[in-house]
Amino acid sequence: MCSTIDRLFESRSSSGNISFIYKNIFEALFINGGFKYNRSWKNLLYGYNYQGIMSVKTTIDQPTESSGYDVNVNVSKGLDLWPATIRIFGGYNENTGKLLIQDEILNYQSEGYSARGSLNINPTSLLSVNYSFAWNQSKSYIIENTEGFPAIRGISQTANMNVFPHKTLTVNINFEHQYNNATSSRHTTFADAGVKFRHKQWDLELALNNIFNTKQYVSASYSDISTYYYSYQLRPMCFLLKTRFKLK
């Protein structure tokens, strides 16, 4: 295959979408969703050759087409038992195209599933509680090899509680749990807490961050047929004192 890096890059794309919305304010019910489709064409195909830890970008004269679609739906419902709102989301996406790897043209397909939910409760004026949950799964494979690559699954949970013992005082606690099946440390847990005092023109806040002293957060995801890993080094558990005030 020959390099064509001196040629001008050309591309064309088209897309379309359909959406729907349903509202019932008397039942506090809201539903919306949609379908999106896109298609693109390029006159050149880009790829990479790998030499140890180095990658060399290559380009060949190979017109290619890619396409994809996305389906999603959202539901929100107010609850009468307590002043509360529940939200649910679901989605699916699929993409197909061509890749150039080690001078070989490969047809790939990727697909992803996602689901989210949240619950917001305000049982009294002194307390608010929020909880959210998210799940996702992605998978990619070469069309000529239907076995594909192992699916990457992730789960995220977040809980937050705010207590208002007095109009000038707020106590908050935050908890977060992350799971990813493609990393060595599959489970990661975070927690923070804080107290905020308000008095006329100024605020004073004392926060305790990273209560569990979590040292590292690692996640993984697919892009085409490549797997990307992200690693973050976290600050140890610490206290933080903040103040804010108005000059006028």
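Residues numbered from 1 in each chain as written. Predicted model: local features only at pLDDT ≥ 70, side-chain atom pairs only at ≥ 80, totals over all residues. Heavy atoms only, no water.

Asks: When you look at the overall build of the protein chain in this model, what are you seeing that I'm missing?
Replies: Within the protein chain one finds zero helices and 15 strands. Against the 2.2 N^0.38 benchmark of 18 Å for 248 residues, the protein chain shows a C-alpha radius of gyration of 25 Å, more extended than a compact globule. With the C-alpha coordinates of the protein chain rotated into their principal frame, the extents come out at 75 × 50 × 45 Å. Long-range contacts, defined here as pairs at least 24 residues apart, represent 51% of the contacts in the protein chain between residues at least 6 apart. Surface exposure of the protein chain reaches about 16,600 Å², of which carbon and sulfur atoms provide 58%. (Helix = DSSP H or I, 4+ residues; strand = E, 2+ residues; numbered from the N terminus. Rg over C-alpha atoms; globule rule 2.2 N^0.38 Å. Contact = heavy atoms within 4.5 Å. Areas by Shrake-Rupley, 256 points an atom, 1.4 Å probe, with all protein chains shown as cover.)

Asks: Explain the nonpolar core here, please?
Replies: Inside soluble globular proteins, nonpolar side chains tend to come together where they are buried. Leu99, Leu106, Tyr108, Ile142 and Ile225 form the largest nonpolar core, which has five residues in total. In this structure, Ile142 is in contact with Leu106, Asn107, Tyr108, Phe149 and Ile225, ignoring residues within four places of it in sequence. (Core = buried A, V, L, I, M, F, W, Y, C linked by side-chain atoms within 4.5 Å. Buried < 20%, exposed > 50% of the residue type's maximum accessible area, 1.4 Å probe, protein only.)

Asks: Mind showing me how you'd approach the pattern of salt bridges here?
Replies: If charged atoms from side chains of opposite charge come close, those side chains can pair. Under the definition given, this model contains three salt bridges. The closest approach of N and O atoms between Arg39 and Glu65, which form a salt bridge, is 2.7 Å. In this pair, Arg39 is assigned in strand β2 (residues 29–42) and Glu65 in strand β5 (residues 64–79), connecting sequence segments 26 residues apart. Between Glu205 and Lys242 there is a salt bridge, with its nearest N and O atoms 3.8 Å apart. Of the two residues, Glu205 sits in strand β12 (residues 202–209) while Lys242 sits in strand β15 (residues 238–245), which places them 37 residues apart along the sequence. The class of Glu205 is buried, set by a relative accessible area of 19%. (Salt bridge = Lys/Arg side-chain N within 4 Å of Asp/Glu carboxyl O.)

Asks: I tried to follow the pairing of β12 on my own but got confused; where do I start?
Replies: Both faces of the sheet carry side chains from a regular strand, because those side chains alternate between them. Relative to β12, strand β11 (residues 187–199) is paired through seven bridges, and the arrangement is antiparallel. Bridging from a neighbouring strand, Arg198 pairs with Asp203 of β12. Between the antiparallel neighbours β11 and β12 lie two residues, among them Lys200 with a positive phi of about 50 degrees. Bridge count between β12 and β15: eight bridges; the pairing is antiparallel. Its bridge partner being in β15, Asp203 is matched across the sheet by Arg244. (Pairing = 2+ DSSP bridges.)

Asks: Please clarify how unusual backbone geometry should be interpreted in this entry.
Replies: The phi angle of most residues is negative, glycine excepted, and most peptide bonds adopt the trans form. Not every positive phi belongs to a glycine, and Asn210 is a case in point at roughly 55 degrees. Of note, Asn210 is situated in the loop between β12 and β13 (216–223). Although it is not a glycine, Asn213 adopts a positive phi angle of roughly 55 degrees. With respect to the helices, strands and loops of the structure, Asn213 is situated in the loop between β12 and β13.

Asks: How should I be thinking about the side chain of Thr170 in this particular structure?
Replies: Note on placement: Thr170 falls in strand β10 (residues 169–180). Residue Thr170 is classed as buried on the basis of its relative accessible area, which comes to 9%. One polar contact links Thr170 to Arg198, side chain to side chain, over a distance of 3.1 Å. Contact partners of Thr170, with chain neighbours within four places excluded, come to Asn162, Val163, Phe164, Gly194, Val195, Lys196 and Arg198. (Polar contact = N/O pair within 3.5 Å; in protein donor to acceptor, adjacent residues only side chain to side chain.)

Asks: Sorry if this is basic, but what is going on with the packing of aromatic side chains here?
Replies: Two descriptors summarise a pair of aromatic rings, namely the distance from one centre to the other and the angle between the planes of the rings. All chains considered together, the criterion is met by eight aromatic pairs. Taken together through their ring pairs, the aromatic side chains of Phe35, Tyr69, Tyr92 and Tyr113 make up a single cluster. Residue placement shows Arg12 over the ring face of Trp41; its charged tip is 4.1 Å from the ring centre. In this structure, Arg116 is placed above the aromatic ring of Phe89, and the distance from its NZ or CZ to the ring centre is 4.1 Å. (Phe/Tyr/Trp six-rings, centres within 6.5 Å; stacked < 30°, edge-to-face > 60°. Lys NZ or Arg CZ within 6 Å of the ring centre and 35° of its normal.)

Asks: What is the right way to look at the environment of Asn162 in this model?
Replies: Topologically, Asn162 is positioned in strand β9 (residues 152–166). Residue classification places Asn162 among the buried positions, given a relative accessible area of 17%. Sequence separation of Asn162 and Leu127 is 35 residues, and the distance between their C-alpha atoms is 5.8 Å. Setting aside anything within four residues of it in sequence, one finds Asn162 in contact with Leu126, Leu127, Ser128, Thr170, Val171 and Asn172. Here the side chain of Asn162 touches Asn160 through a polar contact of 3.0 Å, side chain to side chain.

Note that every value here comes from positions in space, so none of it alone points to a role or purpose.
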